[in-house]
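Reading the structure
These are the residues of each chain, in order.
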Amino acid sequence: MPPPADIVKVAIEWPGAFPKLMEIDQKKPLSAIIKEVCEGWSLGNHENFALQIADATNFYITEKNRNDIKNGSILRLTTSPYQTAVQLHERIQSSSMDAKLEALKDLASASRDITFAMEFINLDGISLLTQMVESGTERYQKLQKIMKPCFGDLLSFTLTAFVELMDHGIVSWDTFSVAFIKKIASYVNKSAMDTAVLQRSLAILESMVLNSQDLYHKVAQEITIGQLIPHLQGTDQDIQTYTIAVINALFLKAPEERRQFDQHMPDILNCPLTEMAHILAQKQLRSIILSNVIRSPTPINDEMAHQLYVLQVLTFNLLEDRMMTKMDPQDQAQRDIIFELRRIAFDVECEPNHSGSTEKRKSMYTRDYKKLGFINHVNPAVDFTQIPPGMLALDNMLYFARHHQDAYVRIVLENSSREDKHECPFGRSSIELTKMLCEILKVGELPGENCHDFHPMFFTHDRSFEEFFCICIQLLNKTWKEMRATSEDFNKVMQVVREQIMRALTLKPNSLDQFKSRLQNLSYTEILKIRQSERMNQEDFQSRPILELREKIQPEIMELIKQQRLNRLCEGTCFRKISSRRRQDKFWYCRLSPNHKVLHYGDLEESPQGEVPHDSLQDKLPVADIKAVITGKDCPHMKEKGALKQNKEVLELAFSILYESDEYLNFIAPDKHEYCVWTDGLNALLGKEMTSNDTKSDMDTLLSMEMKLRLLDLENIQIPEAPPPIPKEPSNYDFVYDCN
């Protein structure tokens, strides 16, 4: 007879004694269970003890998480969180350097547990740590010279404990003094600093900026770009990642007016990071990131790719203001830009007001504006009142005319000499192209939480967006000619150009020249070939015999996909634990047992290389206990975390398993593919339909391949719509041979 559901069989350890096997009744209060365990080892004062998970995490068992205890778990009897906090609070104030170092090491490890963290914080532990940091350098200045490694470790563990405690979100970041900020900033500003200390210091500065607008101003006053550049020039990719993360955080929190470009900033190296637009436009910072990070021999890891993607997004978001600014048709300065476009194109000077009649000048302007391809020939300023792209389109056109003058003049004159219906309107094309490029690069949208989609080529030029536009407008003109398009085909041409750009970007070119070269290979003829090939691969024959064959094959293919999904669940996946500080890499692993009856899962210290064995995953969830799979915003962990709730990308990767009455196992998939694999696999285990996009895509691909294989022998043979008629029965069956 199986044991009751509330009874859990566990092993409990106590230092210096043999482990005990016992049954825990989950209905009993936790204090009663601890008292029973203490009495078994003749230990008094049971209120001074607690139970921990005996693994790398050492998390305390509480009334809230006690349901995580599963059959076969190994627990450890240890001092209570309060007692441990009191002891560590005293030990880290020891006069002995060795004792102090050991205590801080233990504190850094224990602080990962929220139960301990709350007790330590209640003892004013955060204030103690900040005081140690503020007075640390002066106090141990002499010791640092003779015991430098020890001092580095001491400071490293102090900052690690601080980061772990703050990561729980119990204490507000607004409570810290300017002295503490200055001290942390000083560790970043020093040229020679212990790597671990530098990492923690950068992480603290990033969290301060992201969590407090007031601290943003204080941090920005302490850090200059010149002090961060050496960290980017090093070879440690983790330090480089943290450095770019600080730049991104300051950039993200900078007030709108402080992000605007200031051409009169005299000294880039000593300017505060609040002038973000100017700094990012400078060749020095961009080229350092390009040469020391992007083109470094060290492969770029996911976290670095994410930070580069965030930097790319934030840089392009500087264009949002111009993109959403309408042109004022009465603004003479803005109208002068249009006059400049006309002057460069037709090599004419603006005529003085008294030359010729007003009507004649208006007629001449109208003719030239028509040649420039504006929709409104009389007042082209009206064309730029549409937002997006607003004034950004005019900025791009002027940049193209000034920096690629020969190409600009050639395009304008080439089209003005064509028939009206065959000319490619430069003005209209530039406006629509700018709008398209903003959509492709998602200008104005916040960075995605788990996206790594950065493009190296955008780090190769100080005016990368404008150069991107210049390449694409020439592509548009070339494609227009190849398609022999007329004005009625404008939208078709734009669709082809979008496809050309997207396909070239997918290849992740390393430079703008490489991007241009890829576009040369994606001519209109090549796009037609690709489309034809894709159409043939996805061809859906509509004849009745083919449809019947598809229906017959479909269940076999679906079973094949189901088996693949279950096999992937058996291999398992490493999931990241999302916290307020993204880069605190905490992982957990989940995999399905080979017999498809149990889900094994557990926490990991680091991202695993390959599969994690079942026996190293302490927690289990029987598949029979699973009641439902919940996705997206309905997941409980999406409702709890306000920050995550706002992030559309994280919502699309979230899913939860509902088991027992109201217990959940919450997931955030590393990417969309893993999300589809797991939701499909779990639905398959529950006997439900697999509905993900990946399943539909796999079904189409495999079904198409199978159909082609089966129809291979029927190539060039006309398949009739109806089966051939069944012949009449013969008059006799004398020709049948009886084997018996």
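The structure displayed is predicted, hence computed values, not measured ones.

Procedures and definitions
Once a new chain begins, its residue numbering starts again from 1 and follows that chain's sequence as written. pLDDT decides what is reported in this predicted model: residues at 70 or higher carry local features, side-chain atom pairs at 80 or more are listed and counted, and totals for whole chains, interfaces and linings draw on all residues regardless. Only hydrogens and water are set aside; all other atoms, that is, all heavy atoms of the structure, feed into the side-chain values. Each helix corresponds to a stretch of at least 4 residues labelled H or I by DSSP, and each strand to a stretch of at least 2 residues labelled E; elements are numbered beginning at the N terminus. Three exposure classes are used, based on accessible area relative to the maximum for each residue type with a 1.4 Å probe and protein chains only: buried under 20%, partly exposed in between, and exposed over 50%. The contact criterion used throughout is that any non-hydrogen atoms of two residues lie within 4.5 Å. With residues, only the protein chains shown are counted as cover, and all accessible areas are computed by Shrake-Rupley using a 1.4 Å probe. Two strands qualify as a pair provided that DSSP identifies no fewer than 2 bridges between them. Between N-to-C directions, angles cover 0 to 180 degrees, with each direction set by a line fitted to C-alpha atoms, over the stretch in contact for helices. For a helix, the expected span equals 1.5 Å multiplied by the number of residues minus one. In protein, a polar contact means a hydrogen-donor-capable atom and an acceptor-capable atom, both N or O and within 3.5 Å, with residues adjacent in sequence counting only if both atoms are side-chain atoms; elsewhere, any N or O pair within 3.5 Å suffices. Joining through side-chain atoms within 4.5 Å is the link that ties buried Ala, Val, Leu, Ile, Met, Phe, Trp, Tyr and Cys residues into a set, and such a set is a nonpolar core. Per-residue confidence from the predictor is reported as pLDDT, a score between 0 and 100.

It is worth spelling out the overall build of the protein at this point. Per the secondary structure count, the protein includes 31 helices and 11 strands. Within the protein, buried positions represent 47% of all 740 residues. Considering only residue pairs separated by 6 or more positions, the protein has 67% of its internal contacts joining residues 24 or more positions apart. Only carbon and sulfur atoms are counted for the fraction: they give 51% of the accessible area of the protein, which is about 37,900 Å².

As summarised here, the arrangement of the four strands in space is S5-S6-S7-S8, forming an open sheet in which the pairing is antiparallel. The open sheet is flanked by strand S5 (573–576) and strand S8 (619–622), the only strands paired with a single partner. Looking at each pair of strands side by side, their axes are set apart by 25° on average, direction ignored. Strands S5 and strand S6 (587–592) of the sheet are contacted by helix H26 (residues 544–571), whose axis makes an angle of about 135° with S6.

Here the focus is the environment of Ser186. Tracing the chain through its elements places Ser186 in helix H8 (residues 178–189). The class of Ser186 is partly exposed, set by a relative accessible area of 24%. Distance from Ser186 to Ile223, taken between C-alpha atoms, is 8.8 Å for residues 37 residues apart in sequence.

Our next topic: helix H17 (residues 332–346). For H17, built from 15 residues, the straight-helix expectation of 21 Å at 1.5 Å per residue is met to within 8% by its first-to-last C-alpha distance of 21 Å. Considered for burial, the residues of H17 that qualify are Gln334, Ile337, Ile338, Phe339, Glu340, Leu341, Arg342, Ile344, Ala345 and Phe346. As for H17, its buried residues are in contact with helix H18 (358–371), helix H19 (391–403) and helix H20 (405–416). At the N-terminal boundary of H17, the capping side chain belongs to Asp331, with an oxygen 2.9 Å from the backbone nitrogen of Ala333. Phi turns positive, to about 50°, at Asp347, one or two residues after H17.

With respect to the secondary-structure elements, Phe426 resides in helix H21 (residues 426–440). Take Phe426: its relative accessible area is 2%, and that puts it in the buried class. Among all residues touching Phe426, those that are not within four sequence positions of it are Leu372, Gly373, Met397, Phe400, Tyr408, Ile411, Val412 and Ile473.

We now examine the pairing of strand S2 (residues 20–25). Pairing geometry for strand S1 (residues 7–13) and S2, over six bridges, is antiparallel. Pairing of Ala11 across the sheet is with Leu21, part of S2. Here S1 hands over to S2 after six residues, with Gly16 in that stretch at a positive phi of 85°.

With 17 residues, helix H9 (residues 195–211) extends 24 Å between its outermost C-alpha atoms, agreeing within 8% with the 24 Å of an ideal straight helix rising 1.5 Å per residue. For H9, a buried count of 12 out of 17 residues is recorded, marking the element as mostly surrounded by other parts of the structure. Three or more residues of H9 are buried, namely Val197, Leu198, Gln199, Ser201, Leu202, Ala203, Ile204, Leu205, Glu206, Ser207, Met208 and Val209. The N-cap residue of H9 is Asp194: its side-chain oxygen and the backbone nitrogen of Ala196 are 3.1 Å apart.

So, on to the sheet that holds strand S10 (residues 654–659). With respect to topology, three strands assemble into an open sheet ordered S9-S10-S11, the strand pairing being antiparallel. Edge strands, defined here as strands with exactly one partner in the open sheet, are strand S9 (626–631) and strand S11 (663–668). For this sheet the average axis-to-axis angle between neighbouring strands, irrespective of direction, equals 20°. Of the strand pairs in this sheet, S10 and S11 are connected by six bridges, and their pairing is antiparallel. Within the sheet, the bridge partner assigned to Tyr659 lies in S11 and is Glu663. Along the sheet, helix H30 (residues 672–685) makes contact with S9, S10 and S11, crossing S10 at roughly 20°.

Judged by nonpolar contacts, the single largest core of 81 residues is most densely connected at Ile92, Leu107, Leu129, Phe162, Met208, Ile289 and Leu308. Discounting chain neighbours no more than four positions away, the residues touching Ile289 are Leu232, Ile294, Leu308, Leu311 and Phe459.

So, on to the confidence of the model for the protein. Per-chain confidence: the protein averages 84 in pLDDT, with 87% of residues scoring 70 or above. This stretch, residues 138–148, has a pLDDT under 50; its non-local contacts, to residues over four places away or in other chains, come to nine contacts. Counted against residues more than four places away or in other chains, residues 641–645, with its pLDDT under 50, gives eight contacts.

Before going further, it helps to spend a moment on the environment of Asp513. Inspection of the secondary structure puts Asp513 in helix H24 (residues 512–521). Along the sequence, Asp513 and Ile471 sit 42 residues apart, while their C-alpha atoms lie 9.1 Å from each other.

Time to look at the side chain of His89. Among the structural elements, His89 can be located in helix H2 (residues 81–91). On the accessibility criterion, His89 (18% relative accessible area) is buried. Only 3.2 Å separates the side chain of His89 from the backbone oxygen of Leu123, close enough to count as a polar contact. With residues near it in sequence (within four places) discarded, His89 still touches Phe120, Leu123, Asp124, Gly125 and Leu128.

Before going further, it helps to spend a moment on unusual backbone geometry. The peptide bond linking Ile387 to Pro388 adopts the cis configuration, its omega dihedral lying at -15°. Inspection of the secondary structure puts Pro388 in the loop between H18 and H19. Between Pro388 and Pro389 the backbone carries a cis peptide bond, its omega angle lying at 15°. With respect to the helices, strands and loops of the structure, Pro389 is situated in the loop between H18 and H19. Even without a glycine there, the phi angle at Asn45 is positive, about 50°. Residue position: Asn45 is located in the loop between helix H1 (30–40) and strand S3 (49–53).

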